[in-house]
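Below are the chains, spelled out letter by letter.
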Amino acid sequence: MKKLYFIAGSQDLYGEAVLRQVAKDAKDIADFLNGQLAPAVGVEYAATVRDSDEAEDMLVKASADKDCVGVICWMHTFSPAKMWIRGLQALKKPLLHLHTQHNEKLPYETIDMDFMNLNQSAHGDREFGFICTRLGVKREVVVGYYKHPETVEAIRKFADVATALNFSHGMKVAMFGNNMRDVAVTDGDRVESEIRYGWNVNYYAVGDLVSLVNSVTEEETDKKMAQYAAKYTMATDNIASVREQARYEIALEKFIEKERVGAFTDTFQDLYGLRQLPGLAVQDIMASGIGFGPEGDYKTSALMAVMCKMAENRKGATAFMEDYTYELTPGEEKELAAHMLEVSPVFAANKPEIQVHPLGIGGKEDPARLVFDGIEGDAIAVSMVDMGTHFRLVCAKIQLIKQPKPMPALPVARLMWKILPDFKTGAAAWIYAGGAHHAVVSTALTVEDMKLFARLTDIEIIVIDENTRL
């Protein structure tokens, strides 16, 4: 299980008895938080540090521990901040500064200077906060009594983001083919992506996939078809097309396992050796949390995988989506989002149907795909773009809605949503910000989650919500 180190700050000034009490109280808080956050992530009391060497040793240890996804620091007493400098400079894991107390209430009748010296987080945490700000440490600050539900929830959200960042570091992203020709917004600096986010993005020939497809057995295909039958409604007589997609999914699963890939892309411009554009295969794989981006959009595929990891212990749906077309009736403006094939079934409001239809692009056989109407609810749409000098997140609040009328002639899965604060403002703001036509849509995550992700990774974020004004 991944874990958060809980480190208390103090100093030698107060004597051994006070240090023992600090350690006991810190362990109490860590044990309580562990009970609240496990099994998603554990909270482990690591140490009470008293000087520069102990602070550095502990934060270096946290940085080197592959099971540690982040550090919680809390100053029980006053803890002189110069002692934290070397340790904070060495820290490579996300930091949460918890501003709390072991006691909820003041003991008005008995409070004395001994109590004040022991319980002075109001003093110590301001000192620690200054040195973090002076050093430019990107961190989350959570304020409140540690047992209060809102405090626990804030720590839980930090843990989700920290876990996702741990997953992101070293994640492999496979590009079958390259970026779609002449498209700008889906391209990006793959070296900078690895420097900043740990994404190891590499090209693979589609032939690497084709060789795996050709090795899939009939028995393996039968097993995958049985899985499809259990989850989806077979609404086609073209079983051969569905079996072809089943072979693609089996091949992709083998590739993902062998290469330890967390996200991948393909492009309809590079399908040599494949009879169809992967549709049903990609849709089913996305539902397991593997990131995907079409047309070589590695940034969206990687961002999807990271956001799925962030949302792993929450209710809701997270996956790739593409802006497609609008309803522009005054006062009733809506967006219809879809893709040629690849819409994840996590967004399905009804049991998805497996259908086979022609695809007017790519010059291949008619591919099998899942078709369904989309879910309703509050959501965010998040796009990552490369501005040349830096990466930018564009994060918009949207409202997923039920489609007003059936669309019997549209042979793809789809979502419909309203743009906030209104159609003209929200769409214009997205365009001014340079947001892509590809995004990751999530009903599980919030703007605040993405702000924290942006803060901890030092990436620019532009938020479009009900308060946006051009």
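Heads up: the structure comes first, above all this text.
These notes cover the structure that comes with them. Within each chain, residue numbers correspond to sequence positions counted from 1 in written order. Selection of residues for local features in this predicted model requires a pLDDT of at least 70, selection of side-chain atom pairs for listing and counting requires 80 or more, and totals for whole chains, interfaces and linings are taken over all residues. Note that water and hydrogens are dropped before the side-chain values are worked out from all heavy atoms of the structure.

**Some points on the sheet that holds strand β13 (residues 353–356)**
Here is step 1 of the chain: The sheet built from three strands is open, its strands ordered β8-β13-β14 with mixed pairing. Edge positions in the open sheet fall to β8 (233–234) and β14 (368–371), since each of these has one partner strand only.
Here is step 2 of the chain: We treat two strands as partners when DSSP finds at least two bridges between them. Secondary structure follows DSSP: runs of H or I at least 4 residues long count as helices, runs of E at least 2 residues long count as strands, and numbering of each begins at the N terminus. Bridge count between β8 and β13: two bridges; the pairing is parallel. Paired with Thr233 across the bridge in β13 is Glu353.

**Quick notes on the environment of Ala162**
Here is step 1 of the chain: Checked against the element boundaries, Ala162 lands in helix α6 (residues 149–168).
Here is step 2 of the chain: Any residue under 20% of the maximum accessible area for its type is buried, any over 50% is exposed, and the rest in between are partly exposed; the area is computed with a 1.4 Å probe on protein chains only. Judged by its relative accessible area of 0%, Ala162 is buried.
Here is step 3 of the chain: Separated by 96 residues in sequence, Ala162 and Lys66 have C-alpha atoms that sit 13 Å apart.
Here is step 4 of the chain: Contacts between residues were defined by any pair of non-hydrogen atoms, one from each residue, lying within 4.5 Å. Apart from the residues within four sequence positions on either side, Ala162 is in contact with Val69 and Pro94.

**Overview of the nonpolar core**
Here is step 1 of the chain: Only buried Ala, Val, Leu, Ile, Met, Phe, Trp, Tyr and Cys residues count toward a nonpolar core, and they belong to the same one when joined by side-chain atoms within 4.5 Å. Core analysis: the largest hydrophobic core is formed by 126 residues, its most contacted members being Phe6, Trp199, Phe264 and Phe347.
Here is step 2 of the chain: Top element by residues in this core is helix α12 (residues 298–310). It accounts for nine residues.
Here is step 3 of the chain: Counting 22 residues, the second largest nonpolar core, distinct from the first, contains Met75, Trp84, Leu88 and Phe128.

**Description of the layout of surface pockets**
Here is step 1 of the chain: Considering only enclosed or pocket space, the largest pocket measures out at about 850 Å³ in volume.
Here is step 2 of the chain: Two kinds of site are reported from a 1 Å grid over the protein atoms alone, namely cavities, where a 1.4 Å probe fits but cannot get out, and pockets, open sets with protein on both sides within 12 Å along at least five of seven lines, and residues are called lining when an atom falls within 4 Å of a point. Lining the largest pocket we find 29 residues, and of these Leu91, Lys92, Lys93, Pro94 and Leu456 sit closest to its centre.
Here is step 3 of the chain: For the lining of the largest pocket, a count of residues per class yields 13 nonpolar, eight polar and eight charged. Grid points are joined across faces, edges and corners, and a volume is the space filled by probe spheres set on the points. Ten residues, namely Ala, Val, Leu, Ile, Met, Phe, Trp, Tyr, Cys and Pro, are considered nonpolar, four, namely Asp, Glu, Lys and Arg, are considered charged, and the remaining ones, Gly among them, are considered polar.

**Some details on a nonpolar patch on the surface**
Here is step 1 of the chain: Judged by side-chain polarity, Leu106, Tyr108, Ile111, Met113 and Met116 come together as a nonpolar surface patch covering roughly 550 Å² of accessible area.
Here is step 2 of the chain: When you line up the elements, Met113 lands in helix α4 (residues 113–118). Residues forming no salt bridge and having over 30% relative accessible area are the ones grouped into patches, like charges within 9 Å of each other and nonpolar side chains (Val, Leu, Ile, Met, Phe, Trp, Tyr) within 5 Å. Note that accessible areas follow from Shrake-Rupley with a 1.4 Å probe, and for residues the cover is restricted to the protein chains shown. A pairing counts as a salt bridge when a side-chain nitrogen of Lys or Arg comes within 4 Å of a carboxyl oxygen of Asp or Glu.

**Describing the side chain of Asn119**
Here is step 1 of the chain: Mapped onto the elements, Asn119 comes out in the loop between α4 and α5 (121–135).
Here is step 2 of the chain: On the basis of relative accessibility, which here comes to 13%, the residue Asn119 falls in the buried class.
Here is step 3 of the chain: Among all residues touching Asn119, those that are not within four sequence positions of it are His76, Gln101 and Asn103.

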